[in-house]
Amino acid sequence: MTATPRRLLAIAAATALATPLLLSASSPATARPADPAKEASRLAKKLVREAGAKGAYRHLEKFQSIADSHNGHRAAGTPGHDASATYVHDLLKKAGYQVSYDTFEITYIETLAEKLSVTAPTPRDVTISALSYTKSTPEGGIKADLVPVPVDATTGCEPGDYASGAFTGKIALIQRGGCTFADKQKQAGAAGAVGAVIYNNTEGALNGTLGDPNAGVIPTGGITKAEGEALAAEAGKGPVTVSLDIRQLQEQRQTRNVVAETRGGRADRTVMLGSHLDSVTQGPGINDNGSGSAGLLEVALQLAKTHEKPANKVRFAWWSAEELGLLGAEAYVKDLTAEQREDIALYLNFDMIASPNYAQFVYDGDNSDGVGSGPGPEGSAQLEKGITDFLDSRNVPHEGTDFDGRSDYGPFIEVGIPSGGTFTGAEGTKTEAQAKKYGGEAGVAYDKCYHAACDDLSNINKKALDINIDVIANAVGTYAHDLRPVTRPVTEPGLKTTGSTSGTPHAHGHQPRS
């Protein structure tokens, strides 16, 4: 038997007392109580019918235009992001929402150089990505021998992994896994290394973050598994000399989230959905995450057009600085009081929902896949089921994806708020089975333009976008009226609601820390 949340114990009575409006606070006291399930079904069907990829694509065109006018990107702390936030804010305000900016401080990052070249014995260039918050090399880079760290379950995580004197003045080659990137480069630096190259332990590029502006010890970048293994094999036969040039601009700036909510609806049963609005500095971020932002905006505007009277307050958020480590969502959740956290009945996250070589992923709220992190807080399983049931009803194939902490649901999970959402893949490689299931090309990344200049309008799969906008629309329509499918743990008055969490430190949206 599932637990009944403290704030949902009197649904029938509460519904009879008030039926809030979208654009006004209350309705006549004589209004008859509605059937929550019936109202939810009606609104959900209407929003699914009205919201779609065509409307969202117009917002994507605007985001592309903004990027084109602002050095090719919309990164947090830049005029490109400010213009994107203003565009979203003004449309929502005109639609009748209560809209606000949530301003906070960030350390802005812009990569100035990221180059790795083998100079001997076989000269060649190796594609490398600077990790966020890395230390910089001098202009022109550093030249040193590349020394592999012995591979085990926790490669490069302990001082004992670095033989005394073997890494002094050298560049450490370290396999991913076992601890954070920050820990690996810190241990390498303590052993005397002047730089670190971390290679992936799965297929695909390695884009990552050290997690904190103060974490950088030595210049650090990421390369693919294939390149890393090739370099390690080559170094096993004799000295390999490389040139490493990694430089980042880092400075304090301000940025802002956009938060919009219905003027009516019960605040103590707030339904919240979010997407990050910022791009990386390398490109316009039209899939990552213009797609989620545009989809969320399209559904919010369609909800306003219905002039609906949702029973529960619906709140939408467009986060900033996700690409720097979930900073916008973290700042927002940190500033909530215990009561405000308790008021949020659920959080749904939509990040990269139109990947060109997509797979349809749904966050594994109940950990039924048994992969990686554990389940989300109580209620997350029901959110997953709500999405999968909807997809099943439309004969859309799908599969689970782990709560790995790589997007803005992370801070919500940490305080026990039920969470879920969808995702269509980033730098990971599509399998043969997935190609049969969804179409597309096996052996190729879900988004080969991930964190690159080519993440533009041509990088959008409109079929995937439409599917996921329908998911958003169905969720908004359903939970605006009926929260009974979602449970929260019962707590004593005055005590904080908690739920099971993954136990894993969250990382950056598609820029992992480990």
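Right, let's walk through the structure included here. No experiment lies behind these values; they were computed from the predicted model shown. (Residues numbered from 1 in each chain as written. Predicted model: local features only at pLDDT ≥ 70, side-chain atom pairs only at ≥ 80, totals over all residues. Heavy atoms only, no water.)

**Looking at the overall build of the protein chain**
What counts is decided by this rule: Each helix is a run of DSSP H or I of at least 4 residues and each strand a run of E of at least 2, with the numbering of both proceeding from the N terminus. Only protein chains enter the accessibility calculation, which uses a 1.4 Å probe; a residue is then buried when its area is under 20% of its type maximum, exposed when over 50%, and partly exposed in between. Contact between two residues is taken to exist if any of their heavy atoms lie within 4.5 Å; hydrogens are not considered. Residue burial considers only the protein chains on display, and all accessible areas are found by Shrake-Rupley using a 1.4 Å probe.
Across its full length, the protein chain carries 13 helices and 14 strands. Out of the 514 residues belonging to the protein chain, those deemed buried represent 59%. Counting contacts in the protein chain only where the partners sit at least 6 residues apart, residues at least 24 apart contribute 82% of the total. For the protein chain, the exposed area adds up to about 19,600 Å²; of that, 51% sits on carbon and sulfur atoms.

**Let's talk about the environment of Val 444**
Tracing the backbone shows Val 444 in the loop between α12 (432–438) and α13 (462–481). When residues no more than four places from it in sequence are discounted, the contact partners of Val 444 are Asn 357, Gly 428, Thr 429 and Lys 430.

**So, the pairing of strand β11 (residues 344–350)**
Condition: Note on pairing: DSSP must find at least two bridges between two strands before they are called paired.
Counting buried positions along β11 yields seven of seven residues, so the element is predominantly enclosed. Two strands pair when backbone bridges link them, and strand β9 (residues 266–276) and β11 are joined in this way by five bridges, in the parallel orientation. Counterpart to Gly 274 in the pairing with β11 is Asn 349. Across four bridges, the pairing between β11 and strand β14 (residues 419–423) is parallel. Pairing of Asn 349 across the sheet is with Gly 421, part of β14.

**A short note on the packing of helix α3 (residues 53–68) against helix α7 (residues 286–305)**
Worth spelling out the cut-off: Whenever a helix is involved, its axis is fitted only over the stretch in contact; in every case the axis is a line through C-alpha atoms, and angles between N-to-C directions fall within 0 to 180 degrees. For this classification, under 35 degrees means roughly parallel, over 145 means roughly antiparallel, 65 to 115 means roughly perpendicular, and everything else is oblique. Crossing chirality is assigned from the near helix's rotation relative to the far helix, an anticlockwise turn below a right angle marking it left-handed and a clockwise turn marking it right-handed. Each residue gets one label: Ala, Val, Leu, Ile, Met, Phe, Trp, Tyr, Cys and Pro are nonpolar, Asp, Glu, Lys and Arg are charged, and the others, such as Gly, are polar.
Where α3 meets α7, the closest approach of the two axes is 8 Å, and the angle between their N-to-C directions is 130°. Classified by the angle their axes make, α3 and α7 are oblique. Where α3 crosses over α7, the two elements pack in a sense that is right-handed. Seen from α3, the contacting residues are Gly 55, Ala 56, His 59, Leu 60, Phe 63 and Gln 64; seen from α7, they are Ile 286, Gly 290, Ser 291, Ser 293, Ala 294, Gly 295, Leu 297, Glu 298 and Leu 301. When grouped by side-chain class, the residues that make up the contact of α3 with α7 number seven nonpolar, seven polar and one charged.

**Considering the pattern of salt bridges**
Filter applied, for reference: By definition, a salt bridge exists where a carboxyl oxygen of Asp or Glu is found within 4 Å of a side-chain nitrogen of Lys or Arg.
Inspection of every chain in the model, using the stated rule, returns 13 salt bridges. A salt bridge links Arg 406 to Glu 427; its shortest N-O distance comes to 3.2 Å. Of this pair, Arg 406 sits in the loop between β13 (399–401) and α11 (410–414) while Glu 427 sits in the loop between β14 and α12, placing them 21 residues apart in sequence. For the pair Arg 406 and Glu 427, one class covers both residues: buried. Linking Asp 482 and Arg 484 is a salt bridge whose minimum nitrogen-to-oxygen distance equals 3.0 Å. A single salt-bridge network, built from bridges that share partners, covers Glu 39, Arg 42 and Glu 308.

**Focus: the packing of aromatic side chains**
Worth spelling out the cut-off: Under the pairing criterion, centres of Phe, Tyr and Trp rings, with the six-membered ring standing for Trp, must be within 6.5 Å; the plane angle then separates stacked pairs below 30 degrees from edge-to-face pairs above 60, leaving the rest tilted. Two limits define a charge over a ring: the Lys NZ or Arg CZ must be within 6 Å of the ring centre, and within 35 degrees of the ring normal.
Counting across every chain of the model gives 14 aromatic pairs. Aromatic side chains Phe 63 and Tyr 87 sit 5.9 Å apart centroid to centroid with 85° between the ring planes, which places their arrangement in the edge-to-face category. On the criterion of sequence distance, the pair formed by Phe 63 in helix α3 and Tyr 87 in helix α4 (residues 79–95) is long-range, its members being 24 residues apart. The exposure classification of Phe 63 matches that of Tyr 87, with both residues buried. With centroids separated by 5.9 Å and ring planes inclined at 50°, the aromatic side chains of Trp 319 and Phe 412 adopt a geometry described as tilted. Here Trp 319, found in strand β10 (residues 312–319), pairs with Phe 412, found in helix α11; they are 93 residues apart in sequence, far enough to count as distant. Given a relative accessible area of 0%, Trp 319 falls into the buried group. Taken together, Trp 319, Tyr 332, Tyr 347 and Phe 412 form an aromatic cluster joined through their ring pairs. One Lys or Arg, Arg 74, reaches over the ring of Phe 63 and ends 4.8 Å from the middle of that ring.

**A word on the state of the cysteines**
For clarity, the threshold we go by: Disulfides are defined as pairs of cysteine sulfur atoms found within 2.5 Å of each other.
In total, this model carries two disulfides according to the counting rule given. Paired by a disulfide, Cys 157 and Cys 179 hold their sulfur atoms 2.1 Å apart. One quick way to see it: the torsion about the S-S bond of Cys 157 and Cys 179 is about -95°, and its sign makes the bridge left-handed. Residue Cys 157 is found in the loop between β4 (142–148) and β5 (171–175), and its partner Cys 179 is found in the loop between β5 and α5 (181–190); the two are separated by 22 residues along the sequence. The pair Cys 157 / Cys 179 is uniform in exposure class, with both members buried. Covalently, Cys 449 is tied to Cys 454 through a disulfide, its sulfur atoms 2.1 Å apart. The sign of the -115° torsion about the S-S bond sets the Cys 449-Cys 454 disulfide as left-handed. What makes Cys 454 partly exposed here is its relative accessible area of 31%.

**Observations concerning the pairing of β4**
It is a general feature of regular strands that their side chains alternate between the two faces of the sheet. Inspection of the sheet shows β4 paired to strand β8 (residues 241–261) by four bridges, in the antiparallel sense. Residue pairing for β8: Ala 144 is matched across the bridge by Val 242. The pairing of β4 with β5 spans three bridges and is classified as parallel. Directly across from Val 147, in β5, lies its bridge partner Ala 172.

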